[in-house]
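# Examining the three-dimensional arrangement
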Amino acid sequence: MNTITRRYHLFDAKGQILGRLSTEIARILSGKNRVDFTPHIDAGDFVVVINTDKIDVTGGKEQKKVYYSFSGYPGGISSITLEKLREKDSRKIIEKAVYGMLPKNRLRSPRMARLLLYKGEEHPHKTIHITHE
C-alpha cells in the first residue's frame, strides 16, 4: 500500500489579498499541486499561514463584508463585519475563506485540519520545506 508523504507549505499573509491567498491554500490542501492528484484520495499537504493579522482585502470589504451565522432558533441569526472579526480573531477570516473554497464532501474536515494559522511570525513547525511569497 502506498503511503502519502505530506510536506509543509509556509505562506506569509502580510500584504496578500484574501481571495488570491485562499485559492492557493485550498489548492494545496486538496492536493491539486501534486502530480499524483486523485479527487477521491486525500493526498494534500499541510499549510502553515503566518501574519494573519496583516492580510489585505480589496475595495470596501473591510466594512461591507458581513459574516452571518444562524443557530436554528427564531431570532438566532448573528452577523459580524470583517473589520470586527479581524479584531476578534484574524485567523477566522482565512479559515472561513478556505472552508468555502474546498469541495463540500467528507474530505473537507481532514483537509481543514491540515490548515495551521498563526497571528504572528512565530510558529512551532520548523520542518517547513516550501515557502510561498
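Everything numeric in this text was worked out from a predicted model, so none of it was measured. (Residues numbered from 1 in each chain as written. Predicted model: local features only at pLDDT ≥ 70, side-chain atom pairs only at ≥ 80, totals over all residues. Heavy atoms only, no water.)

### A closer look at the pairing of strand β3 (residues 66–70)
Sheet topology note: the β3/strand β4 (residues 77–81) ladder contains five bridges and is antiparallel. Considered in β4, the bridge of Tyr67 is made with Ile80. In this structure, the hairpin formed by β3 and β4 is closed by a connection of six residues, where Gly72 is found at a positive phi of approximately 100°. (Pairing = 2+ DSSP bridges. Helix = DSSP H or I, 4+ residues; strand = E, 2+ residues; numbered from the N terminus.)

### Digging into the nonpolar core
If you look at the biggest cluster of nonpolar residues, it comprises 23 residues, and the most contacted ones within it are Leu18, Ile25, Val47, Val49, Ile94, Val98 and Leu115. Of all elements in the fold, only α1 (18–30), β2 (46–50), α3 (82–89), α4 (91–101) and β5 (115–117) reach the threshold of two or more residues within this core. It is α1 that contributes the most residues to this core, six residues altogether. With residues near it in sequence (within four places) discarded, Ile94 still touches Ala13, Leu18, Leu21, Ile25, Val49, Thr52, Ile55 and Leu117. (Core = buried A, V, L, I, M, F, W, Y, C linked by side-chain atoms within 4.5 Å. Buried < 20%, exposed > 50% of the residue type's maximum accessible area, 1.4 Å probe, protein only. Contact = heavy atoms within 4.5 Å.)

### Here we look at the packing of α3 against α4
One way to put it is that α3 packs onto α4 with a least axis distance of 7 Å and a crossing angle of 120°. Here α3 is positioned oblique relative to α4, judged by the angle of their axes. In this structure, α3 uses Leu82, Leu85, Arg86 and Asp89 to contact α4, whose residues at the interface are Arg91, Lys92, Ile93 and Lys96. Here the residues of the contact of α3 with α4 are counted per class, giving three nonpolar, no polar and five charged. (Axes fitted to C-alpha atoms, helices over the stretch in contact; angles between N-to-C directions. Parallel < 35°, antiparallel > 145°, perpendicular 65-115°, else oblique. Nonpolar A, V, L, I, M, F, W, Y, C, P; charged D, E, K, R; others polar.)

### So, the pattern of salt bridges
Side chains carrying opposite charge are able to pair once their charged atoms draw close together. A complete count under the given rule lists nine salt bridges for this structure. With its nearest N and O atoms 2.7 Å apart, the salt bridge here joins Arg27 to Glu24. Of this pair, Arg27 and Glu24 both sit in helix α1, three residues apart, which is roughly one turn of the helix. A relative accessible area of 34% places Arg27 in the partly exposed class. Classification of Glu24 as partly exposed rests on a relative accessible area of 24%. Note that Arg111 and Asp42 form a salt bridge whose closest N and O atoms lie 3.4 Å from each other. Pair noted here: Arg111 is in helix α5 (residues 108–113) and Asp42 is in the loop between α1 and β2, with a separation of 69 residues, a long-range link. For the pair Arg111 and Asp42, a shared accessibility class is recorded, and that class is buried. (Salt bridge = Lys/Arg side-chain N within 4 Å of Asp/Glu carboxyl O.)

### A short note on a nonpolar patch on the surface
The grouping of Tyr68, Phe70 and Ile77 at the surface amounts to a nonpolar patch, some 400 Å² of accessible area in total. You can see Tyr68 is positioned in strand β3. (Patch = residues over 30% accessible without salt bridge, like charges linked within 9 Å, V, L, I, M, F, W, Y side chains within 5 Å. Areas by Shrake-Rupley, 256 points an atom, 1.4 Å probe, with all protein chains shown as cover.)

### Section: the side chain of Ser30
Along the chain, Ser30 falls in helix α1. Given a relative accessible area of 7%, Ser30 falls into the buried group.

### A few points about α4
Residues Ile93, Ile94, Ala97 and Val98 constitute the buried set of α4. What you see down the axis of α4 is that its buried residues fit within an arc of 115°, all on one side. For α4, the elements touching its buried residues are α1, β2, β3, α3, α5 and β5. (Arc of directions from axis to C-beta.)

### Observations concerning the environment of Ile17
The topology assignment puts Ile17 in the loop between β1 (8–12) and α1. With 35 residues separating them in the primary sequence, Ile17 and Thr52 have C-alpha atoms 11 Å apart.

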